[in-house]
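Chain by chain, the residues:
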Amino acid sequence: MTGLFGDLIGQPLAVDLLEAALDQQRLAPAYLFAGPDGVGRRLTALRFLEGVLAAGGSSSRERRRLVERNHPDLLWVEPTFQHQGRLLSRAEAEEAGVSRRTPPQLRLEQIRGVARFLARQPVESARGMVVIEAAEAMAEAAANALLKTLEEPGHGLLILLTASPERLLSTIRSRCQLIRFLRLDSAAMHQVLERCGALAEDSPELLALAAGSPGALLDHRQRWSALPEDLTQRLKQRPDQPMEALALARDLCETLDGEQQLWLIDWWQQQLWTSGAGEQPLRRLETLRRHLLSFVQPRLAWEVALLDLRTE
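Trainee: Just to check I follow, could you spell out the packing of helix H14 (residues 279-293) against helix H15 (residues 298-308) for this structure?
Mentor: When two helices pack together, their arrangement is given by the angle between the helix axes and the distance between those axes. Across the interface, H14 lies against H15 with an axial gap of 10 Å and an inter-helix angle of 170°. Regarding the angle of H14 to H15, the classification is roughly antiparallel. For the pair H14 and H15, the contacting residues are Arg-284, Leu-288, His-291 and Leu-292 in the first and Pro-298, Ala-301, Trp-302, Val-304, Ala-305 and Asp-308 in the second.

In structure tokens:
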């Protein structure tokens, strides 16, 4: 596949729909790019907006400005952490060392900012353009505010990216043109990783967690490499003595932040499933995840879970 979407691999249906919209200059006021994380939704949004700005063609200048997110008529919104009265993106929170015990959210003030952005006169293009990442991360008030914007979008163009469209209000979904993105097969995965110079030998657990998403695989690799090897080995072996379980809980909570702990639960569930451990440990880890997300004291939650999961 060549042209505007030439670097997008494994999403022919999405490309066909968006190319037709550009060719015919029949753009919907809002699109819902729905599919797994890491399969090209963000790249597709950039290329589509490039086509909108260049009347269906390709412009290296517009591409650069969109990628760098410094186009005056583009607003890119992503979930944030709240810290000392400020909203921080994931990258900003990591750089500032902010505790990330719970997932980031799209907040009401961010969605109100979208409405203000679309209400102003565009500077260079014919319309204001907004991309909202992880749209499923909206709190109820933010979702209701977005619905009002979708009901009267004016001349704006909104693209919502989501891995969980079922978590969005049905009224939001109904006001967007759905563009589905699919998981990649092994050949397409190999092609993407080869293109970005990231071919490597991966464990079965990481491949299973990626589930056909090259972007997710790269993220899982990074998270895996950040874990101390002794912790993962102790989890694989599962403590059989109460003091071992309590010591492991302590070390996990002292070494890993909340986001890392939640990811580790995903990995451990996959590792237990691969090793044939049965359903009971998987259900117990799911309970642990709920406890961590509901603000139970993390060390206590881990202690109880690891004591329950001791090998006999």
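Trainee: What is the right way to read the pattern of salt bridges from this model?
Mentor: Two side chains with opposite charge may pair up if their charged atoms get near one another. Within the structure shown, the criterion is met by 23 salt bridges. Among the salt bridges present, the one from Glu-133 reaches Arg-42, with a minimum N-O distance of 2.7 Å. With Glu-133 in the loop between strand S5 (129-132) and helix H6 (140-151) and Arg-42 in helix H2 (residues 41-53), this residue pair connects regions lying 91 residues apart in the sequence. Judged by its relative accessible area of 11%, Glu-133 is buried. Between Arg-221 and Asp-202 there is a salt bridge, with its nearest N and O atoms 2.8 Å apart. Of the two residues, Arg-221 sits in helix H10 (residues 214-225) while Asp-202 sits in the loop between helix H8 (186-195) and helix H9 (204-210), which places them 19 residues apart along the sequence. Judged on exposure class, the residue Arg-221 and its partner Asp-202 are both buried. Linked through salt bridges whose partners overlap, the residues forming this network are Asp-7, Arg-47, Glu-50 and Arg-63.

Trainee: Can you walk me through the environment of Asp-16 in this structure?
Mentor: Checked against the element boundaries, Asp-16 lands in helix H1 (residues 12-24). Asp-16 gets classed as partly exposed once you look at its relative accessible area, which sits at 49%.

Trainee: Mind showing me how you'd approach the sheet that holds S5 here?
Mentor: Spatially, the 5 strands line up as an open sheet ordered S2-S5-S6-S1-S7, and their pairing is parallel. Only two strands of the sheet have a single partner each, and these edge strands are strand S2 (74-77) and strand S7 (177-180). Direction aside, neighbouring strands of the sheet carry axes that sit 15° apart on average. Looking at chain direction, strand S1 (residues 30-34) and strand S6 (residues 157-162) are connected through 5 bridges and run parallel. In the strand pairing of S6, Tyr-31 is matched with Ile-159.

Trainee: Can you walk me through the environment of Ala-249 in this structure?
Mentor: Its place among the elements puts Ala-249 in helix H12 (residues 242-255). Each C-alpha atom of the pair Ala-249 and Val-77 lies 36 Å from the other, and the pair is 172 residues apart in sequence. In this view, Ala-249 contacts Arg-299, Trp-302, Glu-303 and Leu-306; residues no more than four positions away in its chain are not counted.

Trainee: When you look at unusual backbone geometry in this model, what are you seeing that I'm missing?
Mentor: Both trends apply: most residues other than glycine have a negative phi, and most peptide bonds are in trans. Its identity is not glycine, yet Gln-84 carries a phi of approximately 50°, on the positive side. Structurally, the position occupied by Gln-84 is in the loop between strand S3 (81-83) and strand S4 (86-88). The exposed category is assigned to Gln-84, whose relative accessible area is 73%. One non-glycine residue, Arg-238, adopts positive backbone phi at about 60°. Assignment of secondary structure puts Arg-238 in the loop between helix H11 (229-237) and H12. The exposure class assigned to Arg-238 is buried, which follows from its relative accessible area of 19%.

Procedures and definitions
Residues numbered from 1 in each chain as written. Predicted model: local features only at pLDDT ≥ 70, side-chain atom pairs only at ≥ 80, totals over all residues. Heavy atoms only, no water. Axes fitted to C-alpha atoms, helices over the stretch in contact; angles between N-to-C directions. Helix = DSSP H or I, 4+ residues; strand = E, 2+ residues; numbered from the N terminus. Parallel < 35°, antiparallel > 145°, perpendicular 65-115°, else oblique. Contact = heavy atoms within 4.5 Å. Salt bridge = Lys/Arg side-chain N within 4 Å of Asp/Glu carboxyl O. Buried < 20%, exposed > 50% of the residue type's maximum accessible area, 1.4 Å probe, protein only. Pairing = 2+ DSSP bridges.

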